[in-house]
Amino acid sequence: MQVKLAKPQGPCAGVDQAIEVVDLALKVYGSPVYVYGWIVHNRHAIEPLAQKGAVFVEEIKHIPRGAKVVLRAHGVAPTVWDEAREKYLDILDATCPLVLKVHLEVKRWARDDYTIIYIAHEGHPEEIGVTGEAPDHVVVVGSVEEAERVVVSNPLKVAYVTQTTLSVDETKEIIQTLKKRFPPIIGPQTSDICYATQYRQDAVKNLAKVSDIIYIVGSQERSSNTNRLFEVAVSCGVPTYFIEDANGLNKDQLKDKNVIGVSSGASTPERILQAVVDKLREFGADDIEELQGIDEDITFASPALKRLRKEAERKRK
Ligand code: SF4
């Protein structure tokens, strides 16, 4: 039995950065360090941070005045910044720069009085943060059907942006629909769907060509990009299972299967993927191979991370 690993898969630059911010903040300042929301959408990524003293809260009101707070990788609305400043919190912003790009686009077009059609999943933290930049200008659209129905005040002044972790193919269709309905519509110069989402979806399409069965590893409940990987694999016609970790593997599913494909979401820690591979070995896999794919060498270092690295360095001396 062979195991084929999609390439790339697993943690992206935005997730690595966010986790390093919390980790370093704990090392430099000690616990507690408060974290607004799930820093990334995988409990296996956040549990070790909680064990080290990170305190995860869903509302700023639960944080004591003057404490240190890390803002989640998915970004937050300006109202959250306001609340945090009112409590004199020391803010360490771990928002992924590719999410910040979308915030800036929305701010710019709202200033120019455009209606901004935001292609996104309503209720996702990234959507809440981006919409919060200009609630009176943003309309959220989540499907082609909604794009066909959306109403704007001035069809000559319409822009679109997208959530970073959507299905590339589905988003293309939605944008085409919007372009048909509003020919003067403007959009971002480069896609808002981030490199990590795009590359991982392409890698799953390649994986599907050689696999008899696919496992997608990550949080079904929370992770948008992992859910999209699952949908891509299913759309390729390969039997696909969503598992949170190695405990989700089921030997019965592997009967008569020669090639098992595995991919994982951008918020899934590498050790969780490794544990899945180890269990597949126990089930009889004797040939583990990473497929050819893109080498990712992208890293991010936000101002918060640079500050923490400097402080950690100073402490070491
Ligand atoms: S999935 Fe994309 S947008 Fe989200 S944290 Fe990773 S790089 Fe940033």
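Owing to the predicted nature of the structure, the values given are computational and were not obtained by experimental measurement. (Residues numbered from 1 in each chain as written. Predicted model: local features only at pLDDT ≥ 70, side-chain atom pairs only at ≥ 80, totals over all residues. Heavy atoms only, no water.)

J.: Is there a simple way to explain the packing of helix α8 (residues 195-210) against helix α9 (residues 224-235) in this structure?
T.: Angle between the axes and distance between the axes: these two values describe a pair of packed helices. Two elements in contact, α8 and α9, have axes separated by 9 Å at closest approach and are oriented at 25°. Classified by the angle their axes make, α8 and α9 are roughly parallel. Where α8 crosses over α9, the handedness of that crossing is right-handed. Of the residues in α9, those touching α8 at Thr197, Arg200, Gln201, Val204 and Lys205 are Asn225, Arg228, Leu229, Val232 and Ala233. Residues of the contact of α8 with α9, tallied by class, amount to 4 nonpolar, 3 polar and 3 charged. (Axes fitted to C-alpha atoms, helices over the stretch in contact; angles between N-to-C directions. Helix = DSSP H or I, 4+ residues; strand = E, 2+ residues; numbered from the N terminus. Parallel < 35°, antiparallel > 145°, perpendicular 65-115°, else oblique. Left-handed = near helix turned anticlockwise from the far one by under 90°. Contact = heavy atoms within 4.5 Å. Nonpolar A, V, L, I, M, F, W, Y, C, P; charged D, E, K, R; others polar.)

J.: How should I be thinking about the nonpolar core in this particular structure?
T.: Most often, soluble globular proteins have nonpolar side chains that are buried together. The biggest cluster of nonpolar side chains holds 34 residues, and the ones touching the most others in it are Val21, Val22, Ile39, Val40, Val70 and Leu92. Elements supplying a minimum of two residues to this core: α1 (13-29), β2 (33-36), α2 (43-52), α8 and α11 (303-316). Broken down by element, the residue count for this core peaks at 9 residues, all from α1. Among the domains, domain 1 (2-11 + 195-290) and domain 2 (13-96 + 300-316) are the pair contributing at least three residues each to this core. (Core = buried A, V, L, I, M, F, W, Y, C linked by side-chain atoms within 4.5 Å. Buried < 20%, exposed > 50% of the residue type's maximum accessible area, 1.4 Å probe, protein only. Domains from an automatic or database assignment.)

J.: Whenever I open this one, the sheet that holds strand β5 (residues 90-93) confuses me. Can you help?
T.: Adjacent strands of a sheet form backbone hydrogen bonds with each other and so pair up, either parallel or antiparallel. Strand order in the open sheet made by the 4 strands is β3-β2-β4-β5, with parallel pairing throughout. Across the chains shown, the open sheet's two edge strands, defined by having one partner strand only, are β3 (54-57) and β5. Neighbour-to-neighbour, the strand axes of the sheet open up by a mean angle of 30°, direction not taken into account. Alignment of strand β4 (residues 68-71) against β5, held across 4 bridges, turns out to be parallel. (Pairing = 2+ DSSP bridges.)

J.: When you look at the domain arrangement of the protein chain in this model, what are you seeing that I'm missing?
T.: When the parts of a complex come together, some accessible area is lost, and that lost area is often taken as the interface size. As far as domains go, the protein chain holds domain 1 (2-11 + 195-290), domain 2 (13-96 + 300-316) and domain 3 (98-181). The interface is formed by 9 residues belonging to domain 1 together with 10 residues belonging to domain 3. Note on domain 1 versus domain 3: buried area summed over both sides is about 730 Å², and carbon and sulfur give 49% of it. Contact with domain 3 buries area across many residues of domain 1, yet Thr197, Ser224 and Arg228 alone supply 47% of it, more than any other trio. Counting every contact that joins domain 1 to domain 3 gives 1 salt bridge. Of the charged contacts in the structure, one is a salt bridge between aspartate 169 and lysine 205, with a shortest N-O distance of 3.0 Å. Where the side of domain 1 that touches domain 3 is concerned, the elements lending two or more residues are α8 and α9. Among the elements that take part in the side of domain 1 that touches domain 3, α8 stands out by supplying 5 residues, more than any other. Classifying every residue of the side of domain 1 that touches domain 3 by side-chain character gives 1 nonpolar, 5 polar and 3 charged. (Buried area = accessible area lost by both parts, 1.4 Å probe. Salt bridge = Lys/Arg side-chain N within 4 Å of Asp/Glu carboxyl O.)

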